[in-house]
Amino acid sequence: MSDSEAVGGLWREAGAAAATPALLDVAADGTLTVRTSADGQELARQAIRSVEISARVGTIARHVTFASGGDFETSDNDGIDRLRDRHLGRREGLIHELERFRPRLLIFVAATIALCFAIYRYAVPVLVEVAVLVTPPAVTDIMGKSVLMSLDQLVFDETKLSDARRNALDTQFQALVAAARDMPAASSPGPSYALNFRGGGQIGPNAFALPDGSVVVTDELVDLADDDEMIMGVLAHEIGHVEHQHSLRQIYRVAGITALIMLIGGDIGAATEDIMTQGATLVALSHSRAAETEADRYSVQLMHRTGQDPAAIARFFELLRDKFGLGGDVTFLSTHPATQARIDETRRYAEEVKAGKR
Amino acid sequence: MTDAEAPRTTAAQDLAVRREPFVFTGNAREYFGIWIVNVLLTIVTLGVYSAWAKVRRLRYFYGNTHLAGASFDYHARPMRILVGRIIVLVLLGLYNITLNVFAPAGVVLALILVFVIPYLIMRGLRFSARVTSYRNVRFDFTGGYWGAFLAYVVGAIVIYLSAGVLAPIASQWMWKYTLGNLRYGDRPISCDPRLEKLYGQWWLPAVVLVAGLVLLVGIAVAVALPVFWQFDGGAVGDEAASTVWIIALIYAALIPFLALYLVAGLLYRAGTRNVAFNETVIDGRHVLSSSIGRWRYVWISVSNLAATICTLGLARPWAAIRMASYMATVTALDTTGSLEDYFSSIKTEGAAVGSEFMDVEGFDVGF
């Protein structure tokens, strides 16, 4: 029985390159011996339980490492496995078994694709919500302040609006904020809102919100608007972004998808990984479509609550369309509803709010 | 393997230079199974298995790379890789959180990162070398911190400031550092690529890049500019819509430029590897040889990338095997004298002994 189990290979002393052709054999009591092939001289002896047998990967050579550091190398994968299975009474080649080229690999492929999709579709959004919940207000506070600081240095100029004009707009803004705190879904302490006026520089007429509640509106937008209600419609939209914590979600979503790609990483190649990460950023941007719709609806509700024109934001979009011709029913990659669709939807919702609820 | 170990010396062979080719014996069918199980288990274990996956992947590639009848081996312990990955991940996480929370700290953080990265690269190279063996003898890496700083930080700055004109200088530092600091057992390896030879490989990619840029900018001016003008007005007011439009357009316009940059980079990488390998001498007597066909290398890389993307990554195992096979066929070792006699005297020495239990992997920059 012993003879049939002997495995041929090469013996090397610890860390040495010189090799001797040798035979690995095992006695009934589980003692391994290595002998030279030429004259049967014993080179090493040790219990099979205490040697280290390298795991099987494809058909590469296997190594049996002895306590002395001596190394027995063989290409006879089946021989080594037979010897190990019989004398250790357990199978350790589970991973190798899974890896063999069998039809079940198709199931693995399907499972991998399904898992990637499930993580993207379900796990990432949940993790984003959790991350948003545990983010302390202090963090969003510093975030908002530092972003505004950077923008002031890079883009914005001092505002040129008169004090009276600014005070008038600020009073109306504070009324919106007060109404926002009464909204059913308002977060309980809520962010501390502040309206900031800036010269728009390169970005022209624009308004945006930072996660800490800082809302920035440019002089160009104030000048462009036909009436103050339009400006308030835009500001209500920005308050909506803050209340729904859209920018924080966006940051976490990009981080989550990048982490997912890095998880598979290593095995898909650096170039592919880069392309996928870039693609993920683009995909994450498409979420801004849902966020914009949400903020539009919020604007309609809030304006209605304060007794102003709920469709003010839609009127502002129409003004933009007429002035700059950003219209047409183009939808690119469905990343954002075409502006006409957005106006129509906002108007429809405004009618609904006016008619239905109170 | 046994027959290669048989004595093959004659007096005549002792004096002649003999070319030993590298041979790669892996195949896509076998590797596909390893790869898909790696990916699946990595996802199921939330990334923890990735360390084990890396060991199986590299053991497969090293174990299938043969030279003069013996194969290479990869000995890293997955646990040590996992520890290294957690350390790097925590550092990256802290960096990103700080950057997002407090943007003005970016300057200080970038400065810190610039000094930490060479250290991580050095540790990574040392780890990779020490867990690699050929004929039971470990490699070692003796490069220090400032060598890595010169090769990777100063080198990057030099390339950037000179718009690539001085890239061969940086390549010389990089190859000298990575290959010249290697040791095989107790034997030194030297690598001294001459600057004029590196510049000889610099012309083709430089010309391709400049000619391509001129062509692309010409097309861009003729075609793309009117398109951008249309959206100029849209850039105001409706912030989200216009942002997405503009970003999408920029991506579409950038793709040809990125492809051009990729091709030039591949040409350059292949050329400089040839130069560096051909001037790498092991123990003063065995000379590496590399004869990559530069356009062939570009073709294999680009078609591999295209196949991988078109199949949602499923062609990756085939692509990886294809590249490894090609790289093996264009690499060889020119030796003199009896390899058997030579190897009989070599031993693993110093810190490389048992380092797979102690060392932690840093940045993995390949080796």
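Residues numbered from 1 in each chain as written. Chains lettered and ligands numbered in written order. Predicted model: local features only at pLDDT ≥ 70, side-chain atom pairs only at ≥ 80, totals over all residues. Heavy atoms only, no water.

Enquirer: Break down the packing of helix α7 (residues 145-161) of chain B against helix α8 (residues 167-180) of chain B for me, citing the residues and quoting the values.
Expert: All names here are of chain B. At their nearest, the axes of α7 and α8 sit 9 Å apart, and the two run at 165 degrees to each other. What the angle tells us is that α7 and α8 run roughly antiparallel. For the element pair α7 and α8, the recorded crossing hand is left-handed. Only Ala167, Ala170, Trp173, Met174, Tyr177 and Thr178 of α8 make contact with α7, whose side of the interface consists of Gly147, Ala148, Leu150, Ala151, Tyr152, Val154, Gly155, Val158 and Ile159. (Axes fitted to C-alpha atoms, helices over the stretch in contact; angles between N-to-C directions. Helix = DSSP H or I, 4+ residues; strand = E, 2+ residues; numbered from the N terminus. Parallel < 35°, antiparallel > 145°, perpendicular 65-115°, else oblique. Left-handed = near helix turned anticlockwise from the far one by under 90°. Contact = heavy atoms within 4.5 Å.)

Enquirer: Provide a residue-level description of the packing of helix α4 (residues 104-134) of chain A against helix α3 (residues 28-44) of chain B, including the pertinent values.
Expert: It is at 10 Å that the axes of α4(A) and α3(B) come closest, and there the two elements cross at 35 degrees. Of the two elements, α4(A) crosses α3(B), and the hand of that crossing is left-handed. Only Phe32(B), Gly33(B), Ile36(B), Val37(B), Val39(B), Leu40(B), Ile43(B) and Val44(B) of α3(B) make contact with α4(A), whose side of the interface consists of Leu105(A), Phe108(A), Val109(A), Ala111(A), Thr112(A), Leu115(A), Cys116(A) and Ile119(A). Across the contact of α4(A) with α3(B), the residue classes break down as 14 nonpolar, 2 polar and no charged. (Nonpolar A, V, L, I, M, F, W, Y, C, P; charged D, E, K, R; others polar.)

Enquirer: Could you give an account of the sheet that holds strand β7 (residues 187-191) of chain B, naming the residues involved and the relevant values?
Expert: Residues and elements named next belong to chain B. On the basis of which strands lie adjacent, the closed barrel formed by 10 strands has the order β1-β2-β3-β4-β5-β6-β7-β8-β9-β10 and antiparallel pairing. Neighbour to neighbour, the strand axes of the sheet diverge by 30 degrees on average, direction disregarded. Sheet topology places strand β6 (residues 182-184) next to β7; 2 bridges connect them, and they run antiparallel. Residue pairing in the sheet places Tyr184 in a bridge with Arg187 of β7. Sheet contacts for helix α4 (residues 50-63): β1 (17-24), β2 (65-67), β3 (70-74) and β4 (132-134); angle to β3, the most-contacted strand, approximately 165 degrees. Here α8 sits on the sheet and contacts β5 (137-141), β6, β7 and β8 (280-282); the angle it forms with β7, its principal contact strand, is near 165 degrees. (Pairing = 2+ DSSP bridges.)

Enquirer: Which residues make up unusual backbone geometry, and what are the values?
Expert: Residue and element names in this part refer to chain B. Its identity as a non-glycine residue notwithstanding, Ala68 has a phi of 50 degrees, on the positive side. Backbone geometry at Ala163 places phi at a positive 55 degrees, although glycine is not the residue there. Following the sequence through the fold, Ala163 ends up in the loop between α7 and α8. The exposed category is assigned to Ala163, whose relative accessible area is 71%. (Buried < 20%, exposed > 50% of the residue type's maximum accessible area, 1.4 Å probe, protein only.)

Enquirer: So what about the pairing of strand β8 (residues 194-198) of chain A? Which residues, and what values?
Expert: Residue and element names in this part refer to chain A. Burial of β8 is extensive: 4 of the 5 residues sit out of reach of the surface. Looking at chain direction, β8 and strand β10 (residues 214-218) are connected through 5 bridges and run parallel. Bridging from a neighbouring strand, Phe197 pairs with Val217 of β10.

Enquirer: Can you lay out the pairing of strand β3 (residues 31-36) of chain A for me, pointing to particular residues and giving the numbers?
Expert: All names here are of chain A. Among the 6 residues that make up β3, 5 are buried, leaving the element largely enclosed by the rest of the structure. Pairing analysis gives 5 bridges linking strand β2 (residues 20-26) to β3, with the strands arranged antiparallel. What sits directly across from Leu24, in β3, is Val34. Counted along the chain from β2 to the antiparallel partner β3, the turn is 4 residues long, and its residue Gly30 has a positive phi close to 85 degrees. Summarising the sheet, β3 and strand β4 (residues 42-47) pair through 5 bridges and their orientation is antiparallel. In the sheet register, Leu32 faces β4, and the bridge partner there is Gln46. Where β3 folds back onto β4 in an antiparallel hairpin, the turn is made up of 5 residues, including Gly40, whose phi is positive at roughly 70 degrees.

Enquirer: Mind laying out the pattern of salt bridges, listing which residues take part and the relevant values?
Expert: Applying the stated criterion across every chain, the model contains 35 salt bridges over all chains. Between Arg56(B) and Glu99(A) there is a salt bridge, and its shortest N-O distance comes to 2.8 Å. Residue Arg56(B) is found in helix α4, and its partner Glu99(A) is found in helix α3 (residues 94-99); the two belong to separate chains. Note on accessibility: Arg56(B) and Glu99(A) belong to one class, buried. Among the ionic pairs, Lys354(A) bridges to Glu351(A), the shortest N-O distance being 4.0 Å. You can see Lys354(A) and its partner Glu351(A) sitting in helix α12 (residues 339-355), 3 residues apart, about one turn around the helix. One continuous salt-bridge network, built from bridges that share partners, spans Arg56(A), Arg62(A), Asp78(A), Asp81(A), Arg84(A) and Asp85(A). (Salt bridge = Lys/Arg side-chain N within 4 Å of Asp/Glu carboxyl O.)

Enquirer: Describe in detail the confidence of the model for chain A, supporting the description with residues and values.
Expert: Residue and element names in this part refer to chain A. Mean pLDDT over chain A: 81, with 85% of residues reaching 70 or higher. Considering each helix and strand of chain A separately, the mean pLDDT is smallest for helix α1 (residues 2-5), with a value of 57, and largest for strand β7 (residues 71-74), with 93. A low-confidence stretch, residues 327-338 stays under pLDDT 50, and its non-local contacts, those more than four residues away or across chains, total 21 contacts. (pLDDT = per-residue confidence, 0-100.)

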